[in-house]
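Listed below are the residues making up each chain.
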Amino acid sequence: MSPADPAEPDAGAELPAVAPQLRALRRRASLTLEAAAAAAQLSPAHLSRLETGQRQPSLPTLLVLARTYGTTVSELLGERVADRDAVLRGDAQEATAAGGWTYRQAGAPGRGMQALRVWVPYGAQGDIVRVHPGEEWLYVLAGKLRLRLGDTAHLLRPGDSAHFDSLTPHRIAAADQSGAELLFVHTLLQSPTAALCLGADAGNRITGDAT
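Residues numbered from 1 in each chain as written. Predicted model: local features only at pLDDT ≥ 70, side-chain atom pairs only at ≥ 80, totals over all residues. Heavy atoms only, no water.

A.B. asks: Give a description of unusual backbone geometry that names residues and reports values.
C.D. replies: The phi angle at Gln41 is positive, at roughly 60 degrees, despite the residue not being glycine. Summarising the element assignment, Gln41 is placed in the loop between α2 (33-40) and α3 (44-51). A positive phi angle is found at Gln125, which is not glycine, with a value near 65 degrees. Take Gln125: its relative accessible area is 8%, and that puts it in the buried class. (Helix = DSSP H or I, 4+ residues; strand = E, 2+ residues; numbered from the N terminus. Buried < 20%, exposed > 50% of the residue type's maximum accessible area, 1.4 Å probe, protein only.)

A.B. asks: Can you break down the pattern of salt bridges residue by residue, with the values?
C.D. replies: In this structure the tally under the stated criterion is three salt bridges. Of the charged contacts, one joins Arg26 and Glu51 as a salt bridge, the two residues approaching to 2.6 Å between their closest N and O atoms. Pair noted here: Arg26 is in helix α1 (residues 18-28) and Glu51 is in helix α3, with a separation of 25 residues, a long-range link. Each member of the pair, Arg26 together with Glu51, is buried. A salt bridge links Lys144 to Asp176; the nearest nitrogen and oxygen atoms lie 3.8 Å apart. (Salt bridge = Lys/Arg side-chain N within 4 Å of Asp/Glu carboxyl O.)

A.B. asks: Describe the packing of α1 against α3, naming the residues involved and giving the relevant values.
C.D. replies: Interhelical geometry of α1 versus α3 gives an angle of 120 degrees and a closest axis separation of 7 Å. One way to sum up the angle between α1 and α3 is to call them oblique. Between α1, through Ala19, Pro20, Leu22, Arg23 and Arg26, and α3, the contact on the second element is made entirely by Leu47, Leu50 and Glu51. Of the residues assigned to the contact of α1 with α3, the class counts are five nonpolar, no polar and three charged. (Axes fitted to C-alpha atoms, helices over the stretch in contact; angles between N-to-C directions. Parallel < 35°, antiparallel > 145°, perpendicular 65-115°, else oblique. Contact = heavy atoms within 4.5 Å. Nonpolar A, V, L, I, M, F, W, Y, C, P; charged D, E, K, R; others polar.)

A.B. asks: Now, about the packing of aromatic side chains: what can you tell me, with residues and values included?
C.D. replies: For the coordinates displayed, the defined rule picks out two aromatic pairs. With a centroid separation of 6.3 Å and 40 degrees between ring planes, the pair formed by Trp101 and Tyr103 is classed as tilted. Assessed through its relative accessible area of 2%, Tyr103 is described here as buried. Judged by centre distance (6.2 Å) and plane angle (20 degrees), the ring pair of Trp137 and Tyr139 falls under stacked. (Phe/Tyr/Trp six-rings, centres within 6.5 Å; stacked < 30°, edge-to-face > 60°.)

A.B. asks: Just give me the short version of the pairing of strand β8 (residues 170-174), but keep the residues and values in it.
C.D. replies: Most of β8 sits inside the fold, with four of its five residues counted as buried. Bridge analysis of strand β5 (residues 145-149) against β8 gives five bridges, and the strand direction is antiparallel. For Leu149, the partnering residue across the bridge sits in β8 and is His170. (Pairing = 2+ DSSP bridges.)

A.B. asks: Outline the packing of α2 against α3, supporting the account with residue identities and numerical values.
C.D. replies: Each pair of packed helices can be described by the angle between their axes along with the distance between the axes. At their nearest, the axes of α2 and α3 sit 9 Å apart, and the two run at 105 degrees to each other. It follows that α2 is roughly perpendicular to α3 by the angle criterion. For the pair α2 and α3, contact is made by Leu33, Glu34, Ala36 and Ala37 and by Pro44, Leu47, Ser48 and Glu51, respectively. Among the residues making up the contact of α2 with α3, the classes are represented as five nonpolar, one polar and two charged.

Here it is, written out as structure tokens:
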């Protein structure tokens, strides 16, 4: 069954920038039409009509698509996004706790990738299997990390890294009681699909979610 589609205005009074922006931002987020529609609770046919300009998105639809693509309504409407600082100083990385893990921003929010420093305590979230669109890259800074990809288990030590498709079922846990710290880069961290990683309210507590 397809998700219920909201009533949208016809394309009579066109907003020329919207349709190409919707398509461009979806592609920047590495989402197929079907995956984006599912995340936004729209049917693929309806999202396709929005991307081709056959329909105009309502404000509620713009809001949910902005969340899905990790951007703002202004950017969806073609407005220029303010320049972001290329450098993030260590003393500006405020810690945020969610699901037992601790996160610090290691990159600018609102981009196609999200970079974080993550502290993984022993026993926290180790039984959560994650499956969601995007790619993940992680690098172990301290401690030992258990990473299960599909049916294969890996033990990662400081200096080890992993890069994988997030649609591969995966679990991440500290291997011993000393915990583990890692650098983490992911696409689509601001998508509602990230609720599969941290729970539905985690995205409200940090700028961009994480696995």
